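# Observations on the three-dimensional arrangement
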Amino acid sequence: MFPVELRGTKAQTLMWANEHEIEQAALRQLRNIAQLPWVHGVRVMPDVHLGKGATVGSVIAMRHAVAPAAVGVDIGCGMESVKTDLTAADLPDNLHSLRSRIEAAVPVGFQSHKDAVDVAKLGAQFAASHGELAKHVRGWSRFWSEFGSLNPGVQALESKAHKQIGSLGGGNHFIEVCLDEHDSVWILLHSGSRNIGKELAERHMTVARALPHNQDLPDRDLAVFLSGTPEMEAYRRDLTWAQEYAARNRAVMLSLVCGAVRAEFAGREVLFDEPISCHHNYVAEEEIDGVPMLVTRKGAVRAGAGDLALIPGSMGTRSYVVRGKGNPASFQSASHGAGRRMSRNAAKKQFTVADLIAQTEGVESRKDAGVVDEIPAAYKDIDEVIAAQSDLVDIVATLRQVLCVKG
């Protein structure tokens, strides 16, 4: 059944979604992307929907060029998950206390830590059971020493960036406690590069739009940087740093959540497997059709043969741990989640707090007007999204949420 080819495109555009199921604005956006002279091909995931400049749920292979909009403003946004040795039987009937502990440990929304997290201390606490953080504890001096080489416009934000490491953000970012098919307890979280990634992305997008070779594009938001130019060098430098910031942010956050879980179950030792981590807004140098390319994934994960990845649904539905099949037709990619089927404003107009309460029954979470735009009905059916990419990934575990923290 899939993929299907999008008609009327200059560069081959293969989709793991039916054309009639995609909003017209998103189809126009995909055709605009495929028209760019540097584009080798576009691959469209089943969670596809309209984005700024480039469509969310798209994978774009370019020759010697990168469009910042094809990465997005939340550079390095992605997922992290870890399986614990807890089971459903260990969980109390009421999870409000655990949610409160997590919310006390991890700032949400626009908030940040009062003081930067002491990652060396945190790493020592979890060195035996959380190898991912122990890995990320290394190299912090080197990482922060590179801040001074970033775009001059963000230099005043270094203190804020320090304090936002280990924080969630808002929107569709979340922290969840889930159960798999065998009732094992998992921790799952979704976040990115916070304010500093956004600030860097927007500054580079502004630079790109002003470059002479971008003046006749079908959409100025698709402005690109070209290899061998100082503008590309500056963007790749800042992009790489922001991707690392996002990965470190998730590692610290996951360890803070693990600490909250340990505190909640103080009567026993809680053990954690090695975490699974993946970006879904990023750039990678990869070989496509035998040629070196710059590949952007915006709302898509790498699904190379054997790669583990995380594909979340919405609050109150399911999420999936998957293993990539390495399908070259999709540029070895898969979806990053369920994908929105309506805008936030549309969701707020259509649904009420009562609807949210009904659709998140059985999940310990916020149930107020501030998160109505995240209601499950505002998203595509995650099971249909997973079924559409059966040639791209195998399911490793199916997770159902029992607790969800939102900003």
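Structure's up top.
Keep in mind it's a predicted model, so treat the numbers as computed, not measured.

## Points about the packing of helix α7 (residues 194-209) against helix α8 (residues 230-264)
- Following both chains from N to C, one finds α7 and α8 inclined at 165°, their axes separated by 10 Å at the closest point. The angle between α7 and α8 falls in the class roughly antiparallel. The handedness of the crossing between α7 and α8 comes out as left-handed. Between α7 and α8, the contacting residues are R194, I196, G197, L200, H204 and V207 on the first element and E231, A234, Y235, D238, W241, A242, Y245 and N249 on the second.
- In terms of residue class, the contact of α7 with α8 is made up of 8 nonpolar, 3 polar and 3 charged.

## Description of helix α2 (residues 96-105)
- Of all the positions in α2, only L98, R99 and I102 are classed as buried. Projected down its long axis, α2 carries its buried residues within an arc of 100°, all on one side.
- Its buried side turned inward, α2 meets β7 (174-179), α8 and β17 (393-406).

## A look at the sheet that holds strand β10 (residues 276-279)
- Within the open sheet, the 7 strands sit side by side as β10-β6-β8-β7-β17-β15-β14. Their pairing is antiparallel. Each edge of the open sheet carries a strand with a single partner, namely β10 and β14 (308-311). This sheet shows a mean twist of 30° between the axes of neighbouring strands, independent of strand direction.
- Bridge analysis of β7 against strand β8 (residues 184-191) gives 6 bridges, and the strand direction is antiparallel. Bridge pairing in β8 places E176 opposite L188.

## Comments concerning the pairing of strand β11 (residues 281-288)
- Summarising burial for β11: 6 of the 8 residues are buried, a large majority.
- Here 8 bridges tie β11 to strand β12 (residues 291-298), and the two strands are oriented antiparallel to one another. Residue pairing across strands places Y282 opposite R297, the latter belonging to β12.
- The antiparallel pairing of β11 with β12 creates a hairpin that spans 2 residues between the two strands, and D289 there sits at a positive phi of about 50°.

Rules used in this analysis
- Residues numbered from 1 in each chain as written.
- Predicted model: local features only at pLDDT ≥ 70, side-chain atom pairs only at ≥ 80, totals over all residues.
- Heavy atoms only, no water.
- Axes fitted to C-alpha atoms, helices over the stretch in contact; angles between N-to-C directions.
- Helix = DSSP H or I, 4+ residues; strand = E, 2+ residues; numbered from the N terminus.
- Parallel < 35°, antiparallel > 145°, perpendicular 65-115°, else oblique.
- Left-handed = near helix turned anticlockwise from the far one by under 90°.
- Contact = heavy atoms within 4.5 Å.
- Nonpolar A, V, L, I, M, F, W, Y, C, P; charged D, E, K, R; others polar.
- Buried < 20%, exposed > 50% of the residue type's maximum accessible area, 1.4 Å probe, protein only.
- Arc of directions from axis to C-beta.
- Pairing = 2+ DSSP bridges.

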